[in-house]
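Per-entry structural report
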Amino acid sequence: MSTTPQVTVGEMLRRNGVSRRAFIKFCTASASAMALPAWMGAAMAEQLRHAPRPSVVYLSFQECTGCFESFTRSFAPTIENLMFDVISLDYDDTLMAASGSAAEAALATAMKDNYGKYVLIVDGSIPTGAGGACCTAGGRSADMTLRAAAEGAAVILAVGTCASFGGIPFANPNPTNAWPVSGIVAGKPIINVSGCPPIPEVITGTLLQYVTTGKLPDLDENLRPKAYFGNTIHDRCYRRPFYDAGKFAKSFDDEGARSGWCLYELGCKGPTTYNACATMKWNDGTSFPIESGHGCLGCSEPDFWDKGSFYAAQSSADWNSAGETSPREVLELAGGTAAAGAVLGVGAAGMGRLRQHHSEKE
Amino acid sequence: MDLLGFARGPALEVSVGIFCAGVVWRIAAFALLKIRREQSRPRQSVLRYVSEGLLATASRSWPHPEFTKRTGAGEALGYSYHMGLFVVILLYGPHIALLGSLVGFTWPGLPSPLITGLAVVTLTLFCGVLFRRLTSPVMRMLSNFDDYFTWFITMLVLVTGLAASAHLGARYETLLAIHILSVDGLLVWFPFGKLMHAFYIMPSRAINGAILARKGAPS
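Each chain has its residues counted from 1, following the order in which its sequence is written. For naming, the first written chain is A and the first written ligand is 1, with later ones following in the order written. In keeping with the predicted nature of the model, local features appear solely for residues at pLDDT of at least 70, side-chain atom pairs appear and are counted solely at 80 or more, and the whole-chain, interface and lining totals rest on all residues.

What follows concerns the overall build of chain A. Elements are defined by DSSP. Helices are runs of H or I of four residues or more, strands are runs of E of two residues or more, and each kind is numbered from the N terminus. When helices and strands are counted, chain A shows 17 helices and 9 strands. Against the compact-globule benchmark of 21 Å for 362 residues, chain A has a radius of gyration of 27 Å, which places it well outside the compact range. Its C-alpha atoms give chain A principal-axis dimensions of about 110 × 50 × 35 Å. For chain A, with 362 residues in total, the buried portion stands at 47%. Summarising the internal contacts of chain A: among those between residues at least 6 apart in sequence, 71% fall at separations of at least 24. Radius of gyration: over C-alpha atoms. The globule rule applied is 2.2 Å multiplied by the number of residues raised to the 0.38 power. The exposure label follows from counting other C-beta atoms within 10 Å of a residue's C-beta, where the C-beta atoms are placed from the backbone and the thresholds are 20 or more for buried and 12 or fewer for exposed, leaving partly exposed in between. Contacts here follow a simple rule: the backbone-placed C-beta atoms of the two residues must lie within 7 Å.

Next up, the structure:
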């Protein structure tokens, strides 16, 4: 991992024997994956050829490494393409061979040499409870490391729902007092690439788009690139026609579910989840969870873990801690309130009779 | 907690509670009212006038032949939008999911396009009902805030439901939350307004029929 990225991307590609034609094809494919117009492919190629490979620092905090695993499974562009041809991945404690003080030195050098220019990728939430002791590396808490790294970053990519919105560590009762990147860092451009994990090509595509254009993509109100998070999964789902036709699977793996009927009644969160799963899919476009027969969990949305049961329809009642409602709870509520109503009614009737009695006497 | 979580969580729970308490309160207060003692001698046996009362629930639910020309259109309008409402409420998939979560069992629904079509027809009939109320001098004179607000809140539920099912105008979660909140509002209003006719209409017809039968007027 180089810490002095002076070589331009074009030079690097020439050294690796990549032809201009192959490079333009790569850029066009990347632009297409990012839903950018076709002319952007040529513009990206031109920009990249003359640009020095930007330094990228990848920090992992309170996370499961699922996001990084996802990152390594990108097909267009692949992580090898990115690392060897487009970016200079100067620090990543999961991938790098160095460890201990050598790794810490690499991080410090990358931050110093590229101050104000490097791309900071953050994966995982940032625990601030117990003085930050829940997540430390090199004697520093995640909070301290993030603040120091964010200071010199040109842009921050919060990868995964934990870094974007706090994710599972942030869920009630949030025992580590975890925060998303946006809860810690202020005054820096942040791009949230949410998902648990995010789609690999969405991570690499967003990174590539920033690196090639030098500009932030259009973001939604949750700071997510609109190119990938502009539509709901439901809007692009292949089961959508069955929703429109009112054909709903009643249980997992019933005849309806196998025939591709809508999983809405089984708790699918596709209608309220903004992501590109239904179009980009996973494993080089092989499938996505709904295609495998399970409803969407809504993992790319804020607070998805606290939004009720994964298996209750979104139109259903959400009254208990499991995010569901049982007929027994309804009976208890109806019985209790009806009893109170009956007392009120008897009282009202008694008052009425009294009034009637008085008026009859008069 | 987001708006949708609030709408289908605490707001729905509170509104169902108010609905149950309010309905039982109104029914109890109505059922325990002192009925003025009839001084006249009954013209029929008890069994006869009770059965006449029950018969009145059916006979009064249909226009009298003598008044068909005058009231038939209004009654047809009323029946049509009530039937539309029942079908839309009870046979739409997401509604069945909600009701199923409350009662513990579900039932087959109708295709969504059919429900959407019915909802549009019902909406049109609803507008017709308001038009009739506003243009008929007698109806206008009889109408008060209760009538208009009851019309408004029922209409709101229909309109927001259509928007949510068609994903029109805003994000689905916002539309669904607004729709559920409008239902919550309707449940809260239900016991205190004219929507209580759902519980009162049949008993009041039966009681009126029985009282009249006691005096010798057949249903």
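Glancing now at the packing of helix 5 (residues 79-86) of chain A against helix 11 (residues 200-213) of chain A. All names here are of chain A. For the pair helix 5 and helix 11, the least separation of the axes is 11 Å and the interaxial angle reads 25 degrees. Taken together, the axes of helix 5 and helix 11 lie roughly parallel to each other. Handedness of the crossing formed by helix 5 with helix 11: left-handed. Along the contact surface, helix 5 presents Ile-79, Leu-82 and Val-86, while helix 11 presents Thr-204, Leu-207, Leu-208 and Val-211. The classification used treats Ala, Val, Leu, Ile, Met, Phe, Trp, Tyr, Cys and Pro as nonpolar, Asp, Glu, Lys and Arg as charged, and all other residues, Gly among them, as polar. For the contact of helix 5 with helix 11, the class distribution of residues is 6 nonpolar, 1 polar and no charged. Under this scheme, a helix contributes an axis fitted over its contacting stretch, all axes are lines through C-alpha atoms, and angles between N-to-C directions fall in the 0 to 180 degree range. By definition in this entry, angles of less than 35 degrees are roughly parallel, angles greater than 145 are roughly antiparallel, angles of 65 to 115 are roughly perpendicular, and the rest are oblique. A clockwise turn of the near helix away from the far one marks a right-handed crossing, whereas an anticlockwise turn of less than a right angle marks a left-handed crossing.

In this structure, A:Val57, A:Val119, A:Leu120, A:Val122, A:Ile156 and A:Leu157 are the most contacted members of the largest nonpolar core, which totals 126 residues. The element contributing the most residues to this core is helix 1 (residues 3-31) of chain B, with 13 residues. Annotation comment: domain bounds sourced from an automatic or database domain assignment. Two domains share this core, each providing at least three of its residues, namely domain 1 (9-229) and domain 2 (233-306) of chain A. When neighbours within four sequence positions are excluded, A:Ile156 is seen to be in contact with A:Leu120, A:Val122, A:Ala150, A:Val181, A:Val185, A:Lys188, A:Pro189 and A:Ile190. In this usage, the nonpolar core is the set of buried Ala, Val, Leu, Ile, Met, Phe, Trp, Tyr and Cys residues whose C-beta atoms join them within 7 Å.

Bringing the confidence of the model for chain A into the picture now. Residue-level confidence of the predictor is summarised by pLDDT, bounded by 0 at the bottom and 100 at the top. Overall, the prediction assigns chain A a mean pLDDT of 88, with 97% of residues at 70 or greater. When the criterion is pLDDT under 50, residues 1-5 of chain A qualifies, and its contacts beyond four places in sequence or with other chains add up to 17 contacts.

On to the domain arrangement of chain A. The assigned domain composition of chain A is domain 1 (9-229), domain 2 (233-306) and domain 3 (330-362). Measuring from the centre of the C-alpha atoms in domain 1 of chain A to the corresponding centre in domain 3 of chain A gives 66 Å.

Residues and elements named next belong to chain A. Within the secondary structure, Thr-8 is located in the segment before helix 1 (9-15). The exposure class of Thr-8 is partly exposed, given the 15 C-beta atoms found within 10 Å. Counting along the chain gives 41 residues from Thr-8 to Arg-49, while the straight-line C-alpha distance between them is 6.6 Å. Ignoring any residue separated from it by four or fewer positions in sequence, one finds Thr-8 in contact with Arg-49, His-50, Ala-51 and Pro-52.

Our next topic: the packing of helix 3 (residues 68-91) of chain B against helix 5 (residues 112-135) of chain B. All names here are of chain B. Contact geometry of helix 3 with helix 5 gives a least axis separation of 9 Å together with a crossing angle of 145 degrees. Relative to helix 5, helix 3 is oriented so that their crossing is left-handed. Residues Gly-74, Leu-77, Ser-80, Tyr-81, Gly-84, Leu-85, Val-87, Val-88 and Leu-91 of helix 3 pack against Ile-115, Leu-118, Ala-119, Val-121, Thr-122, Leu-125, Phe-126, Gly-128, Val-129 and Arg-132 of helix 5.

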